[in-house]
Amino acid sequence: MRQSIFFRNFLITALIVLVSFTLLGGLSTAWSYRLMTSEKKETMSNALREASRYITTQYIDDGFDLRDLNLNRTLAMISGVSGFDLIVADTEGVITASSDTDFRHIGKSIPGPALTAASSGGYNVILTTLGQIYPELRQAVGAPLTVGSGSEQYAYGFLFVSSDSSAFRQAWRHFTGMYILIAVNVMALTFVISFLTTKKQARPLNDMAAAARRFARGDFSTRVEDYGRLDEIGQLTLAFNAMADSLENSESLRREFIANVSHELKTPMTVISGFTDGILDGTIPTDDMTRYLDVISSETRRLSRLIASMLDMSRLQSEDSEAILQGSFDVAEVVGLALLSLDGKTGARGVEVNAVLPEEPVIVRGSKDSITQVAYNLIDNAIKFSSPGDAIGIEVWKQGPRVYVSVENSGETIPEEELPFIFDRFHKADKSRSEDRDGVGLGLYIVKTILDKHFEDVFVTSGGGVTRFVFTLSLI
């Protein structure tokens, strides 16, 4: 049977409370019994000593006879003060006086074991009927009545003090009953509080489980209600909702990516398919065939660039940032090589290049090949979006622990509303900036992805006829 975390937490709490109160109750009961027994023994022993001292004094000073009726009155008086029953017996164990006013115990004999225990002088309280003198078990302690001192000391009788044990047991049961009543009420209150608390704790977890099931069905819009908790459950709720936002955004980007890829593939595939069919079925005249084959070749190259860019994007996303940052290279050299590889394009478009590169090496952390691609893409974009006769500017400089690389071009600027989306996949700002349609909208996205893997930044500003891209790298 499946058990919820709510049920398990409640069960564990209940067991802990039950075991704790059971152990505490057992220890408290045993401790209270020993304490009450010790107090009772001390009280009875004190009463025995005081009564023995008084009787002995009367025996010596007044010549009390153990069978004197005045002794019975004396014992009755002591019993009224102490609350215990007293019995005096001669050396043979025959009762000669008692605190009972009806004299029903006089003449009875106390058994030998009781006399032996009394003669030990240890004031040990025992449960006994004193040889059926009492109808029920009583707590009793005895001691010999002695006169003289040293080796001349002798016993002239015995004194026993006893108490009804039922009163003691009743008091102990009353204490135990009160403890049990309090324990049961506390446990009941603890169980109720534990039940409500664990149920409240489990509610966000149940909500998360339900939300996760909806995620599995493709519903990424669901969220877990935030109850304003500041504990771990509250932090988990915030993290879960943040994850849900990320999943929803990723799903939106995935759908947009598929739609964009489909659109980018559809146009060249339609052109290639249409022109190829026209050539095969003779619709396109033979004299125009070369021109249409050039179009087919151009669209094929465009497909190749799109596929290559997508492969680059997939490779970059799978790279490990820690491994990337283990490498080092001269960024000035990398920018110079990228500029040299695009020398043919700058000449073909009639664009001048103003480069300000440090003469000494500028060693930075990262992947040389990846940053070469960043520099190549930015410089290539600057060339494409420059008009003939314009100049592009490239600069590398150090500032603090970082190196800054700037690439700028003159010409039409990027609209302000386009800037937040300039690094998105398949986003093209060339609708208003260029007549060139060869790009597939992944160049700047790849730039941003590479720099994110390096934990670096890239900025873009565009205004006053100048567009400028700046990215950072960390010095060794």
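Residues numbered from 1 in each chain as written. Predicted model: local features only at pLDDT ≥ 70, side-chain atom pairs only at ≥ 80, totals over all residues. Heavy atoms only, no water.

Undergrad: Just give me the short version of the overall build of the protein, but keep the residues and values in it.
TA: Looking only at helices and strands, one finds eleven helices and twelve strands in the protein. Computed over C-alpha atoms, the radius of gyration of the protein comes to 52 Å, more than 25% over the 23 Å expected from 2.2 N^0.38 for 476 residues, which places it beyond the range of a compact globule. On the principal axes, the C-alpha backbone points of the protein span a range of 160 × 60 × 35 Å. Among the 476 residues that make up the protein, the fraction classed as buried is 37%. For the protein, the share of sequence-separated contacts (at least 6 apart) that also reach a separation of at least 24 residues comes to 66%. When the accessible surface of the protein is totalled, it reaches about 26800 Å², and 57% of it is carbon and sulfur. For the protein, the separation between the mean place of its 45 positive charges and that of its 59 negative charges on side chains is 7 Å. (Helix = DSSP H or I, 4+ residues; strand = E, 2+ residues; numbered from the N terminus. Rg over C-alpha atoms; globule rule 2.2 N^0.38 Å. Buried < 20%, exposed > 50% of the residue type's maximum accessible area, 1.4 Å probe, protein only. Contact = heavy atoms within 4.5 Å. Areas by Shrake-Rupley, 256 points an atom, 1.4 Å probe, with all protein chains shown as cover. Lys, Arg positive; Asp, Glu negative; His and termini not counted. Charge placed at Lys NZ, Arg CZ, Asp CG, Glu CD.)

Undergrad: Tell me about the packing of helix α8 (residues 331–341) against helix α10 (residues 368–384), residues and numbers included.
TA: Geometry of a packed helix pair, given as the angle between the helix axes and the separation of the axes. Viewed as axis vectors pointing N to C, α8 and α10 meet at an angle of 50°, and their least axial separation amounts to 9 Å. Taken together, the axis directions place α8 and α10 in an arrangement best described as oblique. Pair α8 / α10 crosses with right-handed handedness. In this structure, α8 contributes Glu333, Val334, Val335, Ala338, Leu339 and Ser341 to the contact, and α10 contributes Lys368, Ile371, Thr372, Ala375, Tyr376 and Ile379. (Axes fitted to C-alpha atoms, helices over the stretch in contact; angles between N-to-C directions. Parallel < 35°, antiparallel > 145°, perpendicular 65-115°, else oblique. Left-handed = near helix turned anticlockwise from the far one by under 90°.)

Undergrad: Mind laying out the sheet that holds strand β10 (residues 402–410), listing which residues take part and the relevant values?
TA: Read across the sheet, five strands follow the order β7-β9-β10-β12-β11 without closing on themselves; strand pairing throughout is mixed. At either margin of the open sheet sits one strand with a lone partner, and together these are β7 (352–356) and β11 (458–463). Strand-to-strand twist of the sheet, defined as the mean angle between neighbouring strand axes without regard to direction, takes the value 15°. Across six bridges, β11 lies against strand β12 (residues 466–474) in antiparallel orientation. When the bridges of β12 are listed, Val458 appears paired with Phe471. Helix-sheet contacts for α8 involve β7, β9 (391–399), β10 and β12, and the interaxial angle to β9 is about 170°. (Pairing = 2+ DSSP bridges.)

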